[in-house]
Each structure stands twice: as C-alpha cells, then as structure tokens.
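# Coordinates in review
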Amino acid sequence: MTTDDAALPGPALYRLLTWLSPGFPVGGYSYSHGIEHAVEIGLVRDRDTLGRWIAAILAHGTARIDGAVLAAAWSATAADDADALARVSEIAKVHRGTAETAVETLAQGRAFLAAVRGGWPHPRLDAWAARLRTSERAPSYPVAVGVAAALAAVPRPAAVAAYLHAFAAGLVSAGVRLVPLGQSDGLAVLAGLEAAVLEAGDAALGADLAELGTATFMVDWTSIRHETQYTRLFRS
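Residues numbered from 1 in each chain as written. Predicted model: local features only at pLDDT ≥ 70, side-chain atom pairs only at ≥ 80, totals over all residues. Heavy atoms only, no water.

## Observations regarding the overall build of the chain
Rules: Secondary structure elements follow DSSP: runs of H or I no shorter than four residues count as helices, runs of E no shorter than two count as strands, and numbering proceeds from the N terminus. We compute the radius of gyration over the C-alpha atoms and compare it with the globule rule, which gives 2.2 Å times the number of residues raised to the power 0.38. The buried label applies to any residue whose accessible area, calculated with a 1.4 Å probe on protein chains only, is under 20% of its type's maximum; exposed applies above 50%, and partly exposed to all values in between.
Of the regular secondary structure elements, the chain holds 12 helices and 0 strands. Its helices and strands taken in sequence order, the chain reads α-α-α-α-α-α-α-α-α-α-α-α from the N to the C terminus. By the compact-globule yardstick of 18 Å for 236 residues, the chain fits well, its C-alpha radius of gyration being 17 Å. With the C-alpha coordinates aligned to their principal axes, the bounding extent of the chain is approximately 45 × 35 × 35 Å. For the chain, the residues scored as buried account for 48% of the 236 residues in total.

Put into structure tokens, the structure is as follows:
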C-alpha cells in the first residue's frame, strides 16, 4: 500500500491513465450531468458559459462531493477498514441531488468495478464486490475509483486529481457536442478549468465528510428537467 506523498510507480500510472481515459468502458459518454437541458434553455450557449457552468460544479457541486468521497474511500481501503468504506459509500449516494445523477454515478461505478476486476484481478476487489452483492448495493463511481486506486498503489492525490480531470473533460465533451462547439473551443474550456480542477482536488484531500454539501441549485434543476425533455441525446 502506498502513502499520500509517494512517487507514482510505473504500473500505477499506467492503470490510472487507463482507468480514467475516455475509452474505459464505464459509459461516461452517455451522461451530460444536466448540461443537455442547460443548453436546451440557453443557460449554456457558448465557450464561456460552458466553462463557468463546469467550474461551478467543480467548486460547489457534485464534483466537490466526488473528490472528497474518493479520497475517503482510498483512505478506508488503505486502512483495510470495511466499516469506514461502507459509511463512505452511503455518504456518496445520499449526496446525489437527482435520480438521474444517482443513476449516473451508480451505473458508472458498477461498470468500473466490473472492468477493473476483469482486467486487473485483486482478491480484495472480489471480496468488496461480494459484500456489495450481499447487501444488494452498487458502488458509486468515485468510491469504486478510490478503492481500486488504493489497491493499485496509486497515491491518493494523483487519484483525486485524475478523477476530477476526467470528470471535467467528460462534461466539456458533452458541451462540445450539445452547443455545439468546435474542438478548439472545447480544448480552450478544458485548459481554462485547470485551476478549478486543481483547487477542487486540494479541497477534496482536506474535506470533512460531515460537512459536505453542494450549492449548485441550477445544475440540480436542469438535471430534473432533463427527465421530461422532449428530445434527448444523453441519459442525464
């Protein structure tokens, strides 16, 4: 097991890059996290509004929760504390503001755990999956990433930063397709989110789970409205 300040070993780096790449089979391309309805009603309409929307999610929304629970899941796994991991899993799920974003995280968490177990088998991953089946629960996506990262000797800060970068990149990709924007605009949005991603990562590493919360009411509202949108490309 690694420590927070350890260098990122070669195999751990390879796994982290693979697991959080756009091609990893978790179905991330099918979720917009409410951006589809935000585009529909004109709240997100260009490069600047897309960047501000995602930056708010990183600072005050679901990404804030995800980063914190990923870090906590990593720590619980590193300590081999099954009870702490179960508590983190529950916290991760109750902080989803809408049914659609709950499906988003649970479906991706289930897919991520299955893919990692298939490609990089580990007895503790198998044991955790068995406990989840017994309790008829699915893991949230950031919790699953935190567990796998800890078992693969990926340092906690690197796992959090990579997850949040992938989260932001996924929303940028959705925005590029929906507005629509050119690839150069999408790249500019992602570049502009660098400070927001890094700040969110730092906040996650020092977060107190008892004090977590979100303040992105319009994101929750657009996610709720997405369910009844007449035409939809995305699942959330």
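After presenting the structure, the write-up continues.
## Thoughts on a nonpolar patch on the surface
This is how the line gets drawn: Only residues whose relative accessible area exceeds 30% and that form no salt bridge are eligible for patches; like-charged ones are grouped when within 9 Å, while nonpolar side chains (Val, Leu, Ile, Met, Phe, Trp, Tyr) are grouped when within 5 Å. Note on areas: Shrake-Rupley, 1.4 Å probe, and residue coverage restricted to the protein chains presented here. Throughout this description, the term salt bridge denotes a Lys or Arg side-chain nitrogen within 4 Å of a carboxyl oxygen of Asp or Glu.
A cluster of nonpolar residues, Ile41, Leu43, Met218 and Trp221, forms a patch on the protein surface that exposes about 340 Å² of accessible area. Along the polypeptide, Leu43 turns up in the loop between helix H2 (35-40) and helix H3 (47-60). Exposure remark for Leu43: the relative accessible area of 32% places this residue in the partly exposed category.

## As for the environment of Leu187
Its place among the elements puts Leu187 in helix H10 (residues 183-192). Assessed through its relative accessible area of 58%, Leu187 is described here as exposed.

## Observations regarding the pattern of salt bridges
Tallied over the entire structure, the rule returns 8 salt bridges. A salt bridge links Arg124 to Asp80, with the nearest nitrogen and oxygen atoms 3.3 Å apart. Linking Arg124 in helix H7 (residues 123-134) with Asp80 in the loop between helix H4 (62-78) and helix H5 (82-94), this pair joins segments that are 44 residues apart in sequence. Take Arg124: its relative accessible area is 29%, and that puts it in the partly exposed class. The exposure class of Asp80 is exposed, given its relative accessible area of 58%. In this structure, Arg137 and Glu90 form a salt bridge, with 3.3 Å as the shortest nitrogen-oxygen distance. Taken together, the positions of Arg137 in the loop between H7 and helix H8 (141-151) and Glu90 in helix H5 put the pair 47 residues apart, joining distant regions of the chain. Residue Glu90 is classed as partly exposed on the basis of its relative accessible area of 31%. Residues participating in the shared-partner salt-bridge network are Asp66, Arg96 and Glu104.

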